[in-house]
Structures are given as structure tokens and as C-alpha cells.
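Observations on the three-dimensional arrangement
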Amino acid sequence: MKARRTNSREKILAAAADVARETGPGSLSLDAVASRAGVSKGGLLYNFPTKAKLMQALVEDYLSAFQQALEAARTNGVSGESPLAAYIRLSAEHAEESKPSATWIFSAIAENPDFLTPIKSFRRQVFERLKEETPNLKALLVCYLAIEGLRSMNLFGSDILSADERRLLISTLLEIAE
């Protein structure tokens, strides 16, 4: 029975992220999420008693998934690649997605601005870890801020770079990182 709850929870989180991406910031409805997940509204509310709890779980799930992907990129990535280069590659892949994977985050922040706190904390932890693993602080600062700029442009739908310019930027950052 516990596995069923986990499965329902995961289906609900995936549906909530999809609905938030499709309907835009602040337009997430619990009815739409329940329908998309194929669960009753009562089933949704059993797993997430409030919309705020659902949004909080989305934020936590997103951060956890990125952390896992970053760890996998570090251990299974390009042989001899620095941790900073692994971060650049993974972040660039996320920025290349046609629809940003985290546009729903606007919905979460609109619901509760405190959801920025775990995001800031997570980003700080990633930066601090990269700082410990990167001998050149200048290179880290340039690469980290450039990647975060790409992520922000993608998230806000304000990407002004062509595909060639983006590739040039990423290859330049990877050169700097090594």
C-alpha cells in the first residue's frame, strides 16, 4: 500500500509540474492537477492537504532531482571532467529544453514567496561545493554566473542568444572550467 501512495504522489507531482508549465504562473488549479494525475481531488488532498503543500513539494522535488542529476553527471560524466564542467554541462542541457523544466516555479513563488528560501539555500550549497572543488575562484564566478544567467533567461522566456551563440558560450565556459 505504501508503494501505491508513493506512486500517486509522484504522479501528482508530475501532473502539477505539467499543468503549471501549460497554464502559466499562478494558474495552477488542484482540480486540473487531480484530473491530469488521474486521481480524485480527495486523493490529491490526501497527499497534499493544501495547494501550498503541493507547491512546496514541487520545489523540493525539483531541487532533489537536479542534485541527483548533478551527482550522476559527476560520477558518470566525461572522464577527467572537473565538477565545474559537469555543472556547466548539466545546466546547459536544462537550459536547452524547449520549455524550461521549472517554469512552474513562478506558480510556487506566487503562492508563497518563502519558496525562494530553499532555492537560494540550494544554489548557495551548490556554489559552496563548487568553490571547494574549483581551484580558480575567478573561473568559478564567471562560469557560475554565466550559467545562472542562461537559466534565468530561459526561465523568464527572454533568451536572446542564437543556438550558435549559446553553443559558443558553453564551449567557452567549459574551456574556462578546465
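Residues numbered from 1 in each chain as written. Predicted model: local features only at pLDDT ≥ 70, side-chain atom pairs only at ≥ 80, totals over all residues. Heavy atoms only, no water.

1. Here we look at the packing of aromatic side chains
Counting across every chain of the model gives 3 aromatic pairs. Summarising the aromatic geometry, the rings of Tyr87 and Tyr144 are spaced 5.5 Å apart at their centres and angled 15° between planes, so their arrangement reads as stacked. Of the two residues, Tyr87 is situated in helix 5 (residues 83-96) and Tyr144 in helix 8 (residues 137-156); the sequence distance between them amounts to 57 residues. Assigned by exposure class, Tyr87 and Tyr144 land together as buried. The rings of Tyr87, Phe127 and Tyr144 are connected pair by pair, giving a single aromatic cluster. (Phe/Tyr/Trp six-rings, centres within 6.5 Å; stacked < 30°, edge-to-face > 60°. Helix = DSSP H or I, 4+ residues; strand = E, 2+ residues; numbered from the N terminus. Buried < 20%, exposed > 50% of the residue type's maximum accessible area, 1.4 Å probe, protein only.)

2. Examining the confidence of the model for the protein
Of all residues in the protein, 86% have pLDDT values of 70 or greater, and the mean over the chain is 84. Element-level mean pLDDT values for the protein span from 66 in helix 6 (residues 105-111) up to 95 in helix 9 (residues 163-177). Overall, residues 1-5 carries pLDDT values under 50, and its contacts beyond four positions in sequence, including any with other chains, amount to 2 contacts. (pLDDT = per-residue confidence, 0-100. Contact = heavy atoms within 4.5 Å.)

3. Brief notes about helix 8
Over its 20 residues, helix 8 extends 28 Å from the first C-alpha to the last, a length consistent with the 28 Å expected when each residue adds 1.5 Å. Where helix 8 is concerned, the buried positions are Ala139, Leu140, Cys143, Tyr144, Ile147, Glu148, Leu150, Arg151, Met153 and Asn154. Buried residues along helix 8 sit against helix 4 (51-76), helix 5, helix 7 (116-133) and helix 9. Near the N-terminus of helix 8, the side chain that reaches the backbone nitrogen of Lys138, with its oxygen 3.0 Å away, is that of Asn136. (Expected span 1.5 Å × (residues − 1). Polar contact = N/O pair within 3.5 Å; in protein donor to acceptor, adjacent residues only side chain to side chain.)

4. Things to note about the nonpolar core
Counting 46 residues, the largest nonpolar core has Ile12, Val33, Leu54, Leu84, Tyr87, Ile88 and Ile170 as the members making the most contacts within it. Within the residue set of this core, elements represented by two or more residues are helix 1 (2-23), helix 2 (30-37), helix 4, helix 5, helix 7, helix 8 and helix 9. Considering every element that reaches this core, the biggest residue donor is helix 4, with 9 residues. Ignoring any residue separated from it by four or fewer positions in sequence, one finds Leu54 in contact with Ile12, Leu13, Ala16, Leu28, Leu30, Val33 and Phe48. (Core = buried A, V, L, I, M, F, W, Y, C linked by side-chain atoms within 4.5 Å.)

5. Points about a nonpolar patch on the surface
A cluster of nonpolar side chains, Leu137, Leu141 and Leu145, forms an exposed patch at the surface whose accessible area comes to about 280 Å². Within the fold, Leu137 resides in helix 8. For Leu137, a relative accessible area of 43% translates into the label partly exposed. (Patch = residues over 30% accessible without salt bridge, like charges linked within 9 Å, V, L, I, M, F, W, Y side chains within 5 Å. Areas by Shrake-Rupley, 256 points an atom, 1.4 Å probe, with all protein chains shown as cover. Salt bridge = Lys/Arg side-chain N within 4 Å of Asp/Glu carboxyl O.)

6. Overview of the packing of helix 8 against helix 9
Where helix 8 meets helix 9, the closest approach of the two axes is 9 Å, and the angle between their N-to-C directions is 155°. Judged by the inter-axis angle, helix 8 sits roughly antiparallel to helix 9. When you trace helix 8 past helix 9, the crossing you get is left-handed. Residue-level inspection shows Ala139, Val142, Cys143, Ala146, Ile147 and Leu150 of helix 8 in contact with helix 9, the latter providing Arg166, Leu169, Ile170, Leu173, Ile176 and Ala177. Class assignment of the residues belonging to the contact of helix 8 with helix 9 gives a composition of 11 nonpolar, no polar and 1 charged. (Axes fitted to C-alpha atoms, helices over the stretch in contact; angles between N-to-C directions. Parallel < 35°, antiparallel > 145°, perpendicular 65-115°, else oblique. Left-handed = near helix turned anticlockwise from the far one by under 90°. Nonpolar A, V, L, I, M, F, W, Y, C, P; charged D, E, K, R; others polar.)

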